[in-house]
Amino acid sequence: MASAPPPPSLRAEEEDTRCFECEAACADDVWVSLPHAVRLCLRCAGAHRALGVQISFVRSLSLDELKPAEEALLARGGNARFRRFLEENGVPRHVWLELELDLRYHTPAADLYRRILLAEVQGSDPPTDLRLVEPPPARAGGERSGGARTRAEWTPDAEAPVCQLCKRKFWLLERRHHCRRCGRCVCGPCSPKESARPLSQLGKAVPVRHCVLCVPRPARTLPGIGPAMMGSGK
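None of these values were measured; they are calculated from a predicted model. Sequence order as written defines the numbering, with residues in each chain counted from 1. Since the coordinates come from a predicted model, pLDDT governs what is reported: local features require at least 70, and pairs of side-chain atoms require 80 or more to be given and counted, while whole-chain, interface and lining totals use all residues. As a rule here, side-chain values come from all non-hydrogen atoms in the structure, and water together with hydrogens is ignored.

Caption draft 1: Representation of the sheet that holds strand E2 (residues 38–40) within the structure. A pair of strands is treated as paired once DSSP finds two or more bridges between them. Helix and strand definitions follow DSSP, with helices as H or I runs of at least four residues and strands as E runs of at least two, each counted in order from the N terminus. Here 3 strands make up an open sheet; going across it, the order is E2-E1-E3 and the pairing antiparallel. Every interior strand has two partners, whereas the edge strands, E2 and strand E3 (58–60), have only one. When the angles between neighbouring strand axes are averaged without regard to direction, this sheet yields 35°. Alignment of strand E1 (residues 31–33) against E3, held across 3 bridges, turns out to be antiparallel. Residue Val32 lies in a different strand from E3, and its bridge partner there is Arg59. Whenever a helix is involved, its axis is fitted only over the stretch in contact; in every case the axis is a line through C-alpha atoms, and angles between N-to-C directions fall within 0 to 180 degrees.

Listed below in C-alpha cells is the structure:
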C-alpha cells in the first residue's frame, strides 16, 4: 500500500528532496532531523540516531505520525535555511562536510540554530548568543563515534600549503597559525582575535588562538534589524 504524502505544509523546496548530509536523492523515503528541521536519507538518518536524541531526534515522514510541534519545526526549517545559517555564522558548506558527523552538530553554530528553531515554535525571543559546546564523549582509545579524536590533532606545517578552512595559500605575508582547540592549520582571517579563548581544561587563563569553526565570530547586528530577526530565514 502506497504511503500517504506529507501534509501540504511540509512539502519541501527542491533542495529538500536531497539529503542535507550526503546530498543523495531522498524524495521517495524522507527522514528528518527534527531539532534542525533538515531532510535526510535513510543511511544518514541512521548516523543521526547515533548522535543521541538530545542532539538529533530522527523521524520518518512516511512511517511516523508527527506531532503539531514537530510539524511546526519542519515548516520553519528546511535544508536551504540551515545551510544559509551555517554560512552566515562562519561555517561554509565545504568546512561543514570536512568535519566528522558528530562534530558537526556539536559546533556553536548548530547549537544556536537548534535553540532558534525551538524558540520560534514556542513563541519566545530567538537567542543570539553563540556558546561553546562540549565535544561528544570519547570511546575507548580516545576516539569519537566518527573516528576523530577528542584531543586536538595538530596539523604539521609541511602538510598544510593552504588554510584548512578557506583554502587561502600560505606565503611570506600570509603566515600559518594553529587553532589550539582542533589543531587545524589556518590563516589569520580564519583565526581572528575575537575568536581567542582561554583553555581552562589545560589550566591556561590567557586567551589563545582559536579558528572561526571552533569559536565563530560574534553575530553582527545590522541597522534596522533587531536580534529577534536573527535566523528568521526571511
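Caption draft 2: Structural detail: the pattern of salt bridges. Each reported salt bridge corresponds to a side-chain nitrogen of Lys or Arg within 4 Å of a carboxyl oxygen of Asp or Glu. What the rule picks out here adds up to 12 salt bridges. Across the pair Lys167 and Glu98 runs a salt bridge whose closest N-O atoms are separated by 3.8 Å. Separated by 69 residues along the polypeptide, Lys167 in the loop between helix H6 (108–122) and strand E4 (177–178) and Glu98 in helix H4 (residues 93–98) bring together distant segments of the chain. In this structure, the salt-bridge partner of Arg184 is Glu98, at a minimum N-O distance of 3.3 Å. Placement of Arg184 in the loop between E4 and strand E5 (185–186) and of Glu98 in helix H4 is noted, with a sequence separation of 86 residues between them.

Caption draft 3: Region of interest: the packing of aromatic side chains. Here a pair means two rings of Phe, Tyr or Trp (six-membered ring of Trp) with centres within 6.5 Å. Their orientation is stacked below 30 degrees between planes, edge-to-face above 60, and tilted elsewhere. Summed over all chains, the structure comprises 7 aromatic pairs. Aromatic pair Phe20 and Trp96: ring centres 6.2 Å apart, planes at 70°, arrangement edge-to-face. With Phe20 in the segment before E1 and Trp96 in helix H4, the pair connects residues that are 76 residues apart, well separated along the chain. Across the pair, exposure class does not vary: Phe20 and Trp96 are buried alike. An angle of 25° between the planes, with centres 4.5 Å apart, marks the rings of Phe82 and Tyr113 as stacked. Of this pair, Phe82 sits in helix H3 (residues 79–88) while Tyr113 sits in helix H6, and the two are 31 residues apart along the sequence. Note on classification: 1.4 Å probe, protein chains only; a residue is buried when its accessible area is under 20% of the maximum for its type, exposed when over 50%, partly exposed between these limits.

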